[in-house]
There are 2 protein chains.
Amino acid sequence: MTYRAPLADIGSALKHGAALSSAIEEGLFGDLTMDVVDAVLVEAGRIAGEVIAPLNRVGDTYGTPFKDGTVTTPPGWKEAYHAWRTGGWNGLSAPTEWGGQALPHVVNAACTEMWQAASMAFADGPMLTMGAVDALSAHGNEQLKRTYLQKLVSGEWMGTMQLTEPQAGSDVGALRTRAERVDDGSYRIKGQKIFITYGEHDLTPNIIHFVLARLPDAPPGTRGISLFLVPKFLVNDDGSLGARNDVRAHSVEHKLGIHGSPTCTMIFGDAGGATGFLVGEENAGMACMFTMMNQARLAVGLQGVGIAERATQLALAYARERRQGRVATMPASQSATIIAHPDVKRMLLTMRALTHAARAICYATAMALDRSERSADAAIRKTALAHASLLTPVAKAFSTDIGIEVASLGVQVHGGMGYIEEAGAAQIFRDARIAAIYEGTNGIQAIDLVTRKLPLDGGTAVASHIRELRDIVATVNAGNDPTLGWTPVRFGDAVESLARATEWLLGHLDKDADAALAGATPYLRLFGMATGGCYLARQALAAHRLGEEAGARLALSRFFAENLAVQAGGLERTIVEGAPSLMSADAALAD
Amino acid sequence: MTYRAPLADIGSALKHGAALSSAIEEGLFGDLTMDVVDAVLVEAGRIAGEVIAPLNRVGDTYGTPFKDGTVTTPPGWKEAYHAWRTGGWNGLSAPTEWGGQALPHVVNAACTEMWQAASMAFADGPMLTMGAVDALSAHGNEQLKRTYLQKLVSGEWMGTMQLTEPQAGSDVGALRTRAERVDDGSYRIKGQKIFITYGEHDLTPNIIHFVLARLPDAPPGTRGISLFLVPKFLVNDDGSLGARNDVRAHSVEHKLGIHGSPTCTMIFGDAGGATGFLVGEENAGMACMFTMMNQARLAVGLQGVGIAERATQLALAYARERRQGRVATMPASQSATIIAHPDVKRMLLTMRALTHAARAICYATAMALDRSERSADAAIRKTALAHASLLTPVAKAFSTDIGIEVASLGVQVHGGMGYIEEAGAAQIFRDARIAAIYEGTNGIQAIDLVTRKLPLDGGTAVASHIRELRDIVATVNAGNDPTLGWTPVRFGDAVESLARATEWLLGHLDKDADAALAGATPYLRLFGMATGGCYLARQALAAHRLGEEAGARLALSRFFAENLAVQAGGLERTIVEGAPSLMSADAALAD
C-alpha cells in the first residue's frame, strides 16, 4: 500500500483554487515565489511517500504498547520522526523568530494533507504540536515562549491538547480538573484527562501538555476555564530537562483505528499536583484553546482530505489491475479491468470528486487565514478572518465525512479483498472514522456553523460567501461550453438551495432555535457540496483560462455537478421542512 | 453490549407490513395461527438475546485460530450452536419431509434478522446451510437428499457455498476448478476456492461443501458450470462418517470484522481429487447456485437489518444515559441526556427509520416468496415470484448499505467512546461492512436489478410494484391527517421519481446499456428509499386502522418522508442526467 503525493492536483488546488499564485503576485507573502512553493511541495511529497507512508501499516499492526507508564512507538517511527522534524517541517508556517519558516498556512495545509495521507496515526502528534505552537505564540508570556516555543517549533519536543474528561466531552465547560495558585506564580494541577492523543510516547525527550483546568474561585462553565502549560519534565533555567513533573499516562485505549497514535488517559497530581504555568489570563482559557482548536480543526479536515486521497489512489490502482467480466464491446475470450465498468467508474469518480472538493474547501480556509494575518488592508483582514471562521467547521466536518464515505467506497471497489486487512483498504476505513469525532464532533461543527458562524457580522460573512459562489456560477455559465452539460445549472441550483436554507436558518435562530439546530448537519453538508463543487469549477476554469490542460478537471467538475450537487434540493427540503417531524417523533425513540 | 429482540417492531412489520395476518386468514399457510407465530418469535428473541448475543464480542476478540488444518471456534460457540440447532431453528422453513417445520419464509426471515443482530459472525454459518438446503431440495437427486438433507436441515452438519476463486469473484464464469467424471457416477474435484465462509470449523462433525466446478468438455463461461456436493467426510451407506475427503482448508483470512466467522481458502484434490456428487444436471450449475444465492441474498439483506437494529439499540441506550450540555429550557446547573439534542435525535431517527424501511423490504420479499410457493392460484404464484425476484437485489443491497450507514451513525452518536473497541459500536461498524460485499457486491445487485429484473415479463413486475406504491401514497393522502405533514407529498414525489427513472432505464437498456449501467446504483437506492418509505407508511396506517397505538410509527414514517425520501429527486437526476458526465470523465481517473 503506497502513497504518491498528488503534486499536480495539489498544485492546481493551491494556485488556481486557493489563488495562491495571485496572492504571491500581489506580494502578500513578501518575496516568496511559486518556485519555492513548488520545491517545498516536491520535497514534502517525497518524505510523505518514501519516509512516512511505509510506516503506516507497521503502526497499525504494532500499535503503541503501554508498560510501566511508558509507550513504545512502532518500529521505525522514531527515526522517521527525527528525519521529518530535522527537515524543518514542523515549523513550516511558524514564526521565524522561534525558528519557523513563516511560509503561508495554505502551503502548510498542502503539506499537512500529505503527512496525513501518508499516515494519520503518525501525523496526529505533529498536528497537535502545531496547534500548541499557535496557542503559545498568541497567548503565552515572554518567559514561557522563550523556554518552550523554539523546541516546540523545531519538534524537538511535542505538544498535547488536553480538554476531554469522562464527564466533559463536547461539553468542555463541565471539566473538573483543578488548578491551585502557588506563591511562585505557578499552579498545581490535579485531575484526569481522557482521549489524549500522544499523551505519552518515546518520540521526544519532553512532552508539553496544554491543559484546561479550573481555579478554585472560577465561575462555572466555560467562563471559568484556564489554560496551563504542563511539561512532562520541568525545564531548568539553562534549558536542560529537570525533574519529572507529576503527570503520567495511566492507560492507552484500544481503538478501531489509528493504532499507531497513542490515545492516553492522563493523571495529574497523583503526588500532590503537577506544576503548570498559566497561558494567557486566568479564566480566559477557552479563547486560548480556540486558537489551538481552530488550527487543529482545519488540520483534521486535511486528515479527511488526505485519507480520502489515499483511499482513492489505492482503489484506482486495484481497479486498473483487477480483471473481472467484460464490457459491452469485448469478445468473450477477454476480460476487462474493473475500472471499465460504469458502476466502478461511478465509485472512483465519486471518490475523486469528493476528495478534490474537500481539498478545495480546506485550502480556501487556509488562504483566508493567511489573508487575515497578512493583508495590508485592515478591512480585508477582517473580512478574511470572518471567511476563515465561517469555513473552518465546514472544512473540518465536510472533509472528514467524505473521508469516511470515500474510504468506504474504497473498500467496496476492492470487493472481497477490501475486507482483508492485508490489502490496506480496511485500515483506511478504520483510520478515517475517528476524524469525524475528535476536535469537536461533526455535529458540534454543524452547530457551530449554524449558531455562531452564520450570524457573524450580522450575516455578512455568509452573504459574501454566497456571492462568491454565485459569481463562480455566473462565470461557468458565461463560458457557454457545451461539454460542461448541466454544470452551470446544477451548481446554480445548489447555490440557490444554500442561499434559501441560509436565509431560513437565520430567520429561525432566534425564534425557534431547536428547528435551526435540527437542520444543522444537513445544512453543513449542503454548504460543503455547494462550496466544494463551485470551487472545483473555478479551479478548472482558471486552469483552462491560463491555457493549461484542464480537460480532466472540467470533466470532474461536471461529474460533481450532475451526480453529486444534485443532492442539494433534497438537503434544502430537509433543512426547511424536516424539523417539525424530527421534533415530534420522540415516541419513535421510546421503547 | 446487549441485544433485545424488537418483538413489537418485528411483529408489526410482519402483520401489517408484510400482511402476514391476512395471509394466515386467507389460509395461505394451512392451519398456522398468529399465536403460533408469536410464540416462535418470542422464543427466537430469547435465544438470540440470551444465548447468541453474549458470544458476539467473544467471537470478535478470539477470532478463529487456524492450526494444522483445523479451525477452533470461539469459546462457547459450540455449545450455543448445539442449543440453537437442537431447538429446531435451522429447519424452521425447511420441508417437513426432511425434518423441517415448513413455517413461512417470512417468519424465518424475522428469526434470521434476530440471529444476525445477535451475532453476524455466528449466524453466517447457518445462513449458508439454509441456502444449501434449498439448493439440494430443489435440485438434488433422491439419493443425495436421503443421505444429506435431513442432517443439513437439523443442522447436525453444516453447509458451505463455494463459488469464488482468485480470478473469479463477481465474474463467476471465470472459475477454473475442475470436475472429472468417475465410472461410479461420482466426480473428482480439483482446484482452489477462496473467501469460503465456514469452510472449516469444529461446530459440526461433517461439513457439506457445495462447489461450482467445470467439466473437461464444458462450454466456456457460466453455461459450463456444474454444482457438486463435496462432503468433508464421505458418508457410508448406513449414514455413518467414512473416509476423510480430499478437501481441506489451507488458511483463514485476517478480516476487518466478523472475526468469529472463519473465512477459508479451500484446496480440493491435493491427493488426487475430492469426491463430489453432481447436484442437478451437468453444466446447469448456475441455476442451482441461484436457488442457493437468492435465499442467501435475502438473508444477507437481513444481516443488514439486524446489524442496523443492533447499532440503533446500542446508540439509543448510550444517548439515554450520556449527559452533555443543556437544551434551551434548562438551567445552567443541569445537563441533558444527549438524546435531547436535535442533532443527536436526527441521527437516532435516521438510524431507526432506515432500519425499519429495510426490514419492511426484506419481509415483503420473503412474503412474496411464500406466495410464489403456496398460493393456490398459478397466476398469483407467477406474479409473486416476479415480485420476489424484483425485490431480492433491493433487499440485499439497500439493507446492507443502510446497515453500514446506520453502524457509522451509531459510532458517531457515541462520540469518542464510539472509537473505543470495548464500547461495541466499533465492532458493529466493522462487522456491517462485509454485507455490502459478499453474496454479490451491491454493485452487482444494482446491475441485476436494472438489467435482469426491470425487463422481467416485459416490465410488468416493476410496473405492478410502482402501482402498489402509488396505491399506498393514495391511501396516505386520503387519510387527510394534518399530523402527517408533507408525508403524502414527499412519498408521492419519491414514487414518481422512481417511475420516471424506471421508464428512462427501460428505454435505454437496449440502445445505451452503459448509460443504464451507470445509473444502476443510484437507481437501486431510489428504489429502496421509495419502497421502504411507502412500506413504513402502509404499516403505520394499517396499525392505526386496526386501532393499535400507531403514533410512533406514523411519526417515523413522516420523519422518513420529510428528511430521507426527499433525496429521491436528486437520485432521479443522477440516473437520467448523470451518465454522460460519467462516461466522458475517463481523463479524471488517469494519472
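Rules of the game
Residues numbered from 1 in each chain as written. Chains lettered and ligands numbered in written order. Predicted model: local features only at pLDDT ≥ 70, side-chain atom pairs only at ≥ 80, totals over all residues. Helix = DSSP H or I, 4+ residues; strand = E, 2+ residues; numbered from the N terminus. Rg over C-alpha atoms; globule rule 2.2 N^0.38 Å. Buried ≥ 20, exposed ≤ 12 C-beta atoms within 10 Å, placed from the backbone. Contact = placed C-beta atoms within 7 Å. pLDDT = per-residue confidence, 0-100. Least-squares fit on C-alpha atoms with pLDDT ≥ 70 in both. Nonpolar A, V, L, I, M, F, W, Y, C, P; charged D, E, K, R; others polar. Pairing = 2+ DSSP bridges. Domains from an automatic or database assignment. Axes fitted to C-alpha atoms, helices over the stretch in contact; angles between N-to-C directions. Parallel < 35°, antiparallel > 145°, perpendicular 65-115°, else oblique.

### A short note on the overall build of chain A
Piece 1. A count of helices and strands for chain A gives 20 helices and 12 strands.
Piece 2. Whereas a compact globule of 591 residues would reach a radius of gyration of roughly 25 Å, chain A reaches 24 Å, a difference of no more than 12%.
Piece 3. Judged by the C-alpha coordinates and their principal axes, chain A covers about 80 × 65 × 60 Å.
Piece 4. When burial is assessed residue by residue, chain A has 63% of its 591 residues classed as buried.
Piece 5. Taking the intrachain contacts of chain A between residues at least 6 apart in sequence as the baseline, contacts between residues at least 24 apart amount to 76%.

### A look at the confidence of the model for chain A
Interpretation of this model should avoid reading the predicted coordinates in detail wherever pLDDT is low.
Piece 1. Here chain A averages 96 in pLDDT, while 100% of its residues score no lower than 70.
Piece 2. Predicted complex metrics record ipTM = 0.98 and pTM = 0.98.

### With respect to the relation of the copies chain B and chain A
Piece 1. Take chain B, turn it by 180°, move it 0.0 Å along the axis, and it overlays chain A with an RMSD of 0.0 Å. Classification of the inter-copy transformation places it as that of a two-fold axis.

### With respect to the interface of chain B and chain A
Accessible area lost upon the coming together of the parts is a frequently used measure of interface size.
Piece 1. With 80 residues of chain B at the interface, the matching set in chain A holds 80 residues.
Piece 2. If you tally residues by element for the side of chain B that touches chain A, the top one is helix H18 (residues 551-564) of chain B, at eight residues.
Piece 3. Looking at the side of chain B that touches chain A, its residues break down into 39 nonpolar, 26 polar and 15 charged.

### Observations concerning the pairing of strand S5 (residues 187-197) of chain A
All names here are of chain A.
Piece 1. Of all the 11 residues making up S5, eight are buried; the element is thus mostly covered by neighbouring parts of the structure.
Piece 2. As defined by bridge partners, strand S4 (residues 178-181) adjoins S5 across four bridges and the pair is classed as antiparallel. Considered in S5, the bridge of Arg178 is made with Lys190.
Piece 3. Counted along the chain from S4 to the antiparallel partner S5, the turn is five residues long, and its residue Gly185 has a positive phi close to 95°.
Piece 4. Pairing of S5 with strand S12 (residues 274-279) involves three bridges; the strand directions are antiparallel. Of the residues in S12, the one forming a bridge with Arg188 is Thr275.
Piece 5. Pairing geometry for S5 and strand S11 (residues 263-268), over five bridges, is antiparallel. Looking across to S11, one finds that Gly191 is bridged to Phe268.

### Things to note about helix H19 (residues 568-577) of chain A
Piece 1. Along H19(A), nine of the 10 residues are buried, which leaves the element largely enclosed by surrounding structure.
Piece 2. Within H19(A), the full set of buried residues consists of Ala568(A), Gly569(A), Gly570(A), Leu571(A), Glu572(A), Arg573(A), Thr574(A), Ile575(A) and Val576(A).
Piece 3. Of the surrounding secondary structure, the elements contacted by the buried residues of H19(A) are helix H15 (487-508) and helix H17 (520-545) of chain A together with H18 and helix H19 (568-577) of chain B.

### Description of the domain arrangement of chain A
Residues and elements named next belong to chain A.
Piece 1. When cut into domains, chain A gives domain 1 (7-138 + 148-154), domain 2 (158-287) and domain 3 (442-584).
Piece 2. On a C-alpha basis, the centres of domain 1 and domain 2 stand 24 Å from each other.
Piece 3. Between domain 1 and domain 2, the contact holds 28 residues from the first and 23 residues from the second.
Piece 4. Elements supplying a minimum of two residues to the side of domain 1 that touches domain 2: helix H4 (56-62), strand S2 (70-71), helix H5 (77-86), helix H7 (120-139) and helix H8 (142-154).
Piece 5. For the side of domain 1 that touches domain 2, the element with the highest residue contribution is H7, accounting for 11 residues.
Piece 6. A per-class count over the side of domain 1 that touches domain 2 returns 14 nonpolar, 11 polar and three charged.

### Let's talk about the packing of helix H10 (residues 342-374) of chain B against helix H17 (residues 520-545) of chain B
Residue and element names in this part refer to chain B.
Piece 1. Contact pair H10 / H17: the axes reach a minimum separation of 8 Å and the direction vectors enclose 90°. By the angle class used here, H10 and H17 are roughly perpendicular. Contacts from His356, Ala357, Ala358, Ala360, Ile361 and Ala364 of H10 reach H17 at Gly528, Thr531, Gly532, Gly533, Tyr535, Leu536 and Gln539.
Piece 2. Taken together, the residues of the contact of H10 with H17 sort by class into seven nonpolar, six polar and no charged.

### Structural notes on the environment of Ile267(B)
All names here are of chain B.
Piece 1. By secondary structure assignment, the location of Ile267 is in strand S11 (residues 263-268).
Piece 2. Separated by 166 residues in the primary sequence, Ile267 and Gln101 place their C-alpha atoms 35 Å from one another.
Piece 3. Apart from the residues lying within four places of it in its own chain, the contact partners of Ile267 are Gln192, Arg248 and His250.

### A closer look at helix H13 (residues 442-453) of chain B
Piece 1. Within H13(B), 10 of the 12 residues are buried, leaving the element largely enclosed by the surrounding structure.
Piece 2. Along H13(B), the residues that are buried comprise Asn442(B), Gly443(B), Ile444(B), Gln445(B), Ala446(B), Ile447(B), Asp448(B), Leu449(B), Val450(B) and Lys453(B).
Piece 3. Residues of H13(B) that are buried in the fold lie against helix H10 (342-374) of chain A together with helix H11 (378-413), helix H15 (487-508), helix H16 (513-518) and H17 of chain B.

### Side note on the environment of Pro166(A)
Residue and element names in this part refer to chain A.
Piece 1. Relative to the helices and strands, Pro166 resides in the loop between strand S3 (158-162) and S4.
Piece 2. Overall, the presence of 15 C-beta atoms within 10 Å leaves Pro166 in the partly exposed class.
Piece 3. When the C-alpha positions of Pro166 and Phe195 are compared, they lie 9.1 Å apart, and in sequence the two are 29 residues distant.

### Topic: unusual backbone geometry
Piece 1. The phi angle at Asp68(A) is positive, at roughly 50°, despite the residue not being glycine.
Piece 2. Residue placement: Asp68(A) occurs in the loop between strand S1 (66-67) and S2.

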